[in-house]
Amino acid sequence: MFSALMKDIQKCTYCEERFGFTPHPVVWGASDSKIVQISQAPSNNVHNSLKPFTDMSGKTLKYEWYQITDEVFYNQDNFYIGALAHCYPGKDKKGNDRLPPKCCFKKWVIKELECVDNQLYIIIGAKAAKVFFPNDSFEDLVFKNNYLNNKLTIVLPHPSPLNKRWIKKHPKFLDERIIEIRKIINEVINKI
Ligand code: SF4
């Protein structure tokens with residue numbers, strides 16, 4: 001069932017008309033990945049590489065925040081790397097990435113989350129946090145441990161260079177919180 005779902009997502013072109021170009025669905029993970037990570041949507045770089053977080057956001061997330069190698073991050077025993085939408089949605093008139101199409105979450109992501117037997121969720125960015133925790137303040141979510149489906153859930157600010165202002169305004173994130181988060185991630189990855 002899981003592999004059929006992955007194949008169906010990889011073939012999906014549902015948003016082609018809306019995007020104005022051929023969608024490139026990016027999927028990465030296994031039904032028993034230890035960590036399910038959900039962010040916003042792939043960037044233009046990822047649209048071309050078809051490998052998640054092969055961009056500036058990925059450099060910050062993998063090497064500075066998690067402090068793990070590509071070998072660990074892209075090991076599908078460790079990370080299921082998902083998003084609110086599987087495809088890069090193109091740019092708006094101001095040159096910013098468009099919002100992820102909501103249809104993808106309903107069409108695919110809910111089914112994926114039901115299939116993966118993970119131990120930890122990591123939700124990245126305010127837009128993804130709003131979907132999973134609609135009534136909570138984003139700041140509160142980042143600085144505490146949360147729970148989804150009775151599983152420990154970490155909420156991170158987006159690691160995009162465009163989000164530098166948030167990081168600067170909340171020095172406790174890099175000084176304290178990310179150290180706790182790194183420890184949690186390492187414990188989950190290294191658990192036998
Ligand atoms: S964003 Fe989701 S629903 Fe839209 S084409 Fe890509 S995989 Fe399909």
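The model shown is predicted, which means the values in this text are computed figures rather than measured ones. (Residues numbered from 1 in each chain as written. Predicted model: local features only at pLDDT ≥ 70, side-chain atom pairs only at ≥ 80, totals over all residues.)

Undergrad: How would you explain the overall build of the protein if you had to name every residue and give the values?
TA: When its secondary structure is counted, the protein shows 10 helices and five strands. Scaling as 2.2 N^0.38, a compact globule of 192 residues should have a C-alpha radius of gyration of about 16 Å, and the protein matches this with 16 Å. Projected onto the principal axes, the alpha-carbon positions of the protein cover approximately 45 × 40 × 35 Å. Residue pairs at least 24 apart in sequence account for 69% of intrachain contacts in the protein once pairs closer than 6 positions are excluded. (Helix = DSSP H or I, 4+ residues; strand = E, 2+ residues; numbered from the N terminus. Rg over C-alpha atoms; globule rule 2.2 N^0.38 Å. Contact = placed C-beta atoms within 7 Å.)

Undergrad: Help me get a handle on the sheet that holds strand β1 (residues 35-39), residues and values and all.
TA: With mixed pairing, five strands are arranged side by side in an open sheet as β2-β1-β3-β5-β4. Across the chains shown, the open sheet's two edge strands, defined by having one partner strand only, are β2 (79-83) and β4 (146-148). Across the sheet, the mean angle separating the axes of adjacent strands is 30° when strand polarity is ignored. Bridge analysis of β4 against strand β5 (residues 151-156) gives three bridges, and the strand direction is antiparallel. (Pairing = 2+ DSSP bridges. Axes fitted to C-alpha atoms, helices over the stretch in contact; angles between N-to-C directions.)

Undergrad: Tell me about the site of the ligand, residues and numbers included.
TA: Contacts to the ligand come from 15 residues, most closely from Cys12, Cys15, Pro23, Cys87 and Cys104. Across the shell around the ligand, the residue classes tally to 12 nonpolar, two polar and one charged. (Near = placed C-beta within 6 Å. Nonpolar A, V, L, I, M, F, W, Y, C, P; charged D, E, K, R; others polar.)

Undergrad: Can you explain helix α6 (residues 102-115)? Please cite residues and give values.
TA: Across its 14 residues, α6 extends 20 Å between first and last C-alpha, which sits within 8% of the 20 Å expected from 1.5 Å per residue. At Trp108, α6 shows its maximal bend, which comes to roughly 40°. Residues Cys104, Phe105, Trp108 and Glu112 constitute the buried set of α6. Packed against the buried residues of α6 are α1 (2-10), β2 and α7 (126-132). (Expected span 1.5 Å × (residues − 1). Bend = angle between axes of the 7 residues up to and from the residue. Buried ≥ 20, exposed ≤ 12 C-beta atoms within 10 Å, placed from the backbone.)

Undergrad: Residue-level account of the nonpolar core, with values.
TA: In a soluble, globular protein the nonpolar side chains are often hidden away together inside. Ile35, Ile38, Leu84, Ile122, Ile123 and Val155 are the most contacted members of the largest nonpolar core, which has 38 residues in total. Counting residues per element, the ones that place at least two in this core are β1, α4 (56-66), β2, α6, β3 (120-124), α7, α8 (138-142) and β5. Among the elements that take part in this core, β3 stands out by supplying five residues, more than any other. (Core = buried A, V, L, I, M, F, W, Y, C linked by C-beta atoms within 7 Å.)

Undergrad: I'd like a rundown of the pairing of β1, residues and numbers included.
TA: Regular strands have side chains that alternate between both faces of the sheet. Judged by how many residues are buried, β1 sits mostly within the fold: five of five residues are covered. Residues Ile35, Gln37 and Ser39 of β1 are buried on one face, and the alternating residues Val36 and Ile38, pointing to the opposite face, are buried as well. One ladder, built from five bridges, connects β1 with β2; its direction is parallel. Pairing of Ile35 across the sheet is with Phe79, part of β2. Pairing analysis gives four bridges linking β1 to β3, with the strands arranged parallel.

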